[in-house]
Amino acid sequence: MLDRAYRDCRRIAAAHGRTYFLATRLLEPERRPAVHALYAFARLVDDTVDASDAPSRAAESAARLDRIEHELRARLADAPTAPGDSREQRVLLAVSDTIRRYSIAAEHFWVFLDSMRMDIPGAPQYRDRYPTMGDLEDYMRGSAAAIGLQLLPVLGTVVPVAEAEPAAAALGEAFQLTNFLRDVGEDLGRGRVYLPADELAAFGVDDELLFHCRESGRTEPRVRRALAHLIAVNRGVYRRATPGIELLAPRVRPAIRTAATLYGGILDEIERADYAVFTSRAVVPQHRRLRVAARELVAASPLGN
């Protein structure tokens, strides 16, 4: 049963997290199932939240998120759980095993779930706009930084885990901010704006202009300048996070460097497409992803040192 659960998690990671999955191929085989389990859990929650975009399903999504949390808490406490063999239960089986196996602080999962509730319409915590970067960082503390902190014990460190946590949290936030910049048009379709309003307003950008760009399919110059600024901010977060890679166990560094390089490469693709975030989704080409991964693999091998 547990083996099947981990196999399901691997399939989910392979199907939905192309950059993430490629990076995990550089990890030692024994670490990969745990990373796939953490990804699959995040994906399970994300899919639950995305389903709430339909007004008629918001309450159902909120209830499912509560059920996921209740089930995970029960598994970690060795309490009775609901019978059955759904994909949801298999993911929870794998992630609870990963949490125990690597002594991951359960708090990182509760913080993550609390942030995800901020995306469900009708929930007390719901937000579809973020007035300042500080407000967005509060959200990302659960939605992104917590992911980095969940991964840290699995990856291993050469220093006490607490010493590596700030950089791990920053890398999670860097990845999340890249997603927000890439998915501006898609998020607008859900009625959400994940870019801080004050940063946009400094360039004369408001909701009305963003929706106009989405409807016309053209990125207006003021929006282009705002996106260029936020890409620079995002790269600053990567620069803050990158030194933390050297705090990780040597064998996992190539995988994390690959993930950071490829995710940072999405910003390059946005620029290369002249900030056309309303009509296309920036993707690092497959040949470039493979080249980066191959370079890191060679550098990590005895012959590359």
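This report concerns the structure included in the present document.

How each quantity is defined
- Residues numbered from 1 in each chain as written.
- Predicted model: local features only at pLDDT ≥ 70, side-chain atom pairs only at ≥ 80, totals over all residues.
- Heavy atoms only, no water.
- Helix = DSSP H or I, 4+ residues; strand = E, 2+ residues; numbered from the N terminus.
- Rg over C-alpha atoms; globule rule 2.2 N^0.38 Å.
- Buried < 20%, exposed > 50% of the residue type's maximum accessible area, 1.4 Å probe, protein only.
- Contact = heavy atoms within 4.5 Å.
- Areas by Shrake-Rupley, 256 points an atom, 1.4 Å probe, with all protein chains shown as cover.
- Lys, Arg positive; Asp, Glu negative; His and termini not counted.
- Charge placed at Lys NZ, Arg CZ, Asp CG, Glu CD.
- Axes fitted to C-alpha atoms, helices over the stretch in contact; angles between N-to-C directions.
- Left-handed = near helix turned anticlockwise from the far one by under 90°.
- Nonpolar A, V, L, I, M, F, W, Y, C, P; charged D, E, K, R; others polar.
- Phe/Tyr/Trp six-rings, centres within 6.5 Å; stacked < 30°, edge-to-face > 60°.
- Salt bridge = Lys/Arg side-chain N within 4 Å of Asp/Glu carboxyl O.

## Considering the overall build of the chain
Point 1. Each helix and strand in the chain was counted, giving 14 helices and 0 strands.
Point 2. For 305 residues, the compact-globule formula gives about 19 Å, and the C-alpha radius of gyration of the chain, at 19 Å, lands near that figure.
Point 3. On the principal axes, the C-alpha backbone points of the chain span a range of 55 × 50 × 35 Å.
Point 4. Within the chain, the fraction of its 305 residues that count as buried is 51%.
Point 5. The long-range fraction of contacts in the chain, counting pairs at least 24 apart against all pairs at least 6 apart in sequence, stands at 71%.
Point 6. Counting every atom, the chain has about 13800 Å² of accessible surface; 54% of that belongs to carbon and sulfur.
Point 7. Between the centroid of the 42 positive side chains of the chain and the centroid of its 42 negative side chains there is a distance of 7 Å.

## A closer look at the packing of helix 6 (residues 107-117) against helix 7 (residues 133-155)
Point 1. At their nearest, the axes of helix 6 and helix 7 sit 8 Å apart, and the two run at 145° to each other. Note that helix 6 runs across helix 7; the crossing there is left-handed. Contacts between helix 6 and helix 7 involve His108, Phe109, Val111, Phe112, Ser115 and Met116 from the first element and Asp138, Tyr139, Arg141, Gly142, Ser143, Ala146, Ile147, Leu149 and Gln150 from the second.
Point 2. Taken together, the residues of the contact of helix 6 with helix 7 break down into 8 nonpolar, 5 polar and 2 charged.

## Focus: the packing of aromatic side chains
Two numbers describe a pair of aromatic rings. These are the distance of the centres and the angle of the planes.
Point 1. For the structure on display, the rule yields 9 aromatic pairs.
Point 2. Their ring planes at 55° and their centres at 6.1 Å tell us that Phe41 and Phe112 sit as a pair that is tilted. Here the residue Phe41 occupies a position in helix 3 (residues 32-50), and Phe112 occupies one in helix 6, the gap between them amounting to 71 residues. Considered together, Phe41 and Phe112 belong to a single accessibility category, that of buried residues.
Point 3. Between Phe175 and Tyr263, the ring centres sit 4.8 Å apart and the planes meet at 35°, which makes this aromatic pair tilted. Residue Phe175 is found in helix 8 (residues 161-182), and its partner Tyr263 is found in helix 13 (residues 253-272); the two are separated by 88 residues along the sequence.

## Notes on the pattern of salt bridges
Point 1. Scanning the entire structure with this criterion turns up 37 salt bridges.
Point 2. Across the pair Asp138 and Arg141 runs a salt bridge, and its minimum N-O distance is 2.7 Å. Taken together, the residues Asp138 and Arg141, both in helix 7 and 3 residues apart, mark about one turn of the helix.
Point 3. Overall, the relative accessible area of 44% leaves Asp138 in the partly exposed class.

## Description of unusual backbone geometry
Point 1. For Asp274, which is not glycine, the phi dihedral falls at a positive 55°.
Point 2. For Asp274, the location among the structural elements is in the loop between helix 13 and helix 14 (286-300).
Point 3. Overall, Asp274 belongs to the partly exposed group, its relative accessible area being 42%.
Point 4. Its identity is not glycine, yet Tyr275 carries a phi of approximately 65°, on the positive side.
Point 5. Position of Tyr275 among the secondary structure elements: in the loop between helix 13 and helix 14.
Point 6. Assessed through its relative accessible area of 12%, Tyr275 is described here as buried.

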